[in-house]
Amino acid sequence: MDPSFEAQLREGDVVFTERDATLLEAIREHGSLNRAAEALGRSYSRSQKRLGALEAAFGTLVERTRGGPGGGGSQVTEEGKALLNRFERLETGYAAVASVTETVIEGTVIDREGEIAEIETAAGPIRALVPPGSEQVQVGIRADAVTLHDPAEAPPTVGTSARNRFDGSVESVTPGENVGQVAVDIGAETPLRALVTARSRDRLGLEPGRDVVVTFKATSAQCTESAGAAAVE
């Protein structure tokens, strides 16, 4: 579960690493570069210089406010959050190469639109890639394709490519040094499993009983004909 890897994103001569992602997450959590550096035990001046180098390469990652009643602070921009999400997908992708976990959910095809079908399952409708002619299917969902959200920050159902969205509750968390695995009860016969970085686990406060919203794309859910389909026919 913890392959030996070091995820990196490169833009020109600047390389975004785990250490940089940790700094951005700390700014996101503490609302200030100064407080983030202090919490991480790092030099403020070096952190500021590093942030400047990252922004010169990757764009505006942090929005700063000065003075005022609240004393100013720093907030991670949407561009910064997108960079963090991109880095986390890279990390979970590396982990998936070493160990891919797939959740399998039984269902019945109730509607089709080209290669994408709507499948009725115990958890509710799932949109997935389905072979022509299949009716009783098993939906396979890769753990590295599942994203977990705080319910208050979850994207809307409309206007996002992650068309599958479920309210769930964390059943278990298997931590890892870089990437761990979370099992979520979404009402199916088996819990849905997701690969989650240590940063996301801490930021979302993932522990048994925690409510989350689960999303995944229809193209990341692939179906095979159910073993019992022939017997039913």
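As the structure is a computational prediction, the values presented were derived from the model and not from experiment. As a convention, each chain's residues are numbered from 1 in the sequence order in which they are written. Only residues with pLDDT of 70 or above have their local features reported here, since the model is predicted, and side-chain atom pairs are shown and tallied only from 80 upward, although totals for entire chains, interfaces and linings are computed over all residues. With hydrogens and water excluded, all non-hydrogen atoms of the structure serve as input to the side-chain values.

Undergrad: Please explain the overall build of the protein as it appears in this structure.
TA: Broken down by element type, the protein carries 6 helices and 14 strands. The cut-offs for exposure are 20% and 50% of the maximum accessible area for each residue type, with area from a 1.4 Å probe on protein chains only; residues under the lower value are buried, those over the upper are exposed, and the others partly exposed. Taking all 233 residues of the protein together, 43% fall into the buried category. Strands here are runs of E lasting at least two residues and helices are runs of H or I lasting at least four, both read from the DSSP assignment and numbered beginning at the N terminus.

Undergrad: When you look at the packing of helix H1 (residues 18-30) against helix H3 (residues 44-58) in this model, what are you seeing that I'm missing?
TA: When two helices pack together, their arrangement is captured by the angle between the axes and the distance separating the axes. An axis is simply a line fitted to the C-alpha atoms; with a helix, the fit covers only the stretch in contact. Between two such axes, the angle follows the N-to-C directions and lies from 0 to 180 degrees. Closest axis-to-axis distance for the H1/H3 pair is 11 Å, and the angle between their directions is 105°. Judged by the angle between their axes, H1 and H3 are roughly perpendicular. Two secondary-structure elements touch here, H1 through Asp20, Leu23, Leu24 and Ile27 and H3 through Ser47, Arg50, Leu51 and Leu54. Asp, Glu, Lys and Arg are counted as charged, while Ala, Val, Leu, Ile, Met, Phe, Trp, Tyr, Cys and Pro are counted as nonpolar; the rest, among them Gly, fall into the polar class. Here the contact of H1 with H3 is built from residues that sort into 5 nonpolar, 1 polar and 2 charged. Roughly parallel means an angle under 35 degrees; roughly antiparallel, over 145; roughly perpendicular, 65 to 115; everything else is oblique. By definition, residues are in contact when any of their heavy atoms lie within 4.5 Å.

Undergrad: What is the right way to read the pattern of salt bridges from this model?
TA: Between side chains of opposite charge, pairing is possible as soon as their charged atoms come close. What makes a salt bridge here is a side-chain nitrogen of Lys or Arg within 4 Å of a carboxyl oxygen of Asp or Glu, nothing more. In the structure shown here, the tally under the stated rule is 10 salt bridges. Residue Asp20 pairs with Arg50 through a salt bridge whose shortest N-O separation is 2.7 Å. Taken together, the residues Asp20 in helix H1 and Arg50 in helix H3 connect sequence positions 30 residues apart. Note that Arg199 and Glu88 form a salt bridge whose closest N and O atoms lie 3.7 Å from each other. Of the two residues, Arg199 sits in helix H5 (residues 198-204) while Glu88 sits in helix H4 (residues 78-98), which places them 111 residues apart along the sequence. Look at Arg199 and you get buried, because its relative accessible area is 11%. One salt-bridge network, in which partners are shared between bridges, spans Glu18, Glu88 and Arg199.

Undergrad: Looking at this structure, I do not really get the nonpolar core. What am I missing?
TA: Nonpolar cores were defined as sets of buried Ala, Val, Leu, Ile, Met, Phe, Trp, Tyr and Cys residues, with membership established by side-chain atoms within 4.5 Å. Counting residues in hydrophobic clusters, the biggest one holds 29 residues, and the most contacted among them are Val139, Ile141, Leu148, Ile186 and Val214. When residues no more than four places from it in sequence are discounted, the contact partners of Val139 are Thr103, Val104, Ile105, Ile119, Ile126, Ala128, Ala221, Gln222 and Cys223. Grouped together as the second largest cluster of nonpolar side chains are 20 residues, Leu33, Phe58, Leu84 and Phe87 included.

Undergrad: Just checking my understanding: could you explain the sheet that holds strand E9 (residues 147-149) for this structure?
TA: Strands belonging to one sheet form pairs held by backbone hydrogen bonds; the direction of such a pair is parallel or antiparallel. A strand pair is defined by DSSP finding two or more bridges across the two strands. Taken together, the 5 strands give an open sheet; going across it, the order is E9-E13-E10-E11-E12, and neighbouring strands pair in antiparallel fashion. Two strands bound the open sheet, and with one partner strand each, they are E9 and strand E12 (192-197). In this sheet, adjacent strand axes meet at a mean angle of 45° when their direction is disregarded. With 5 bridges joining them, strand E10 (residues 164-174) and strand E11 (residues 179-185) adopt antiparallel strand pairing. Counted as the bridge partner of Val170 is Val184 from E11.

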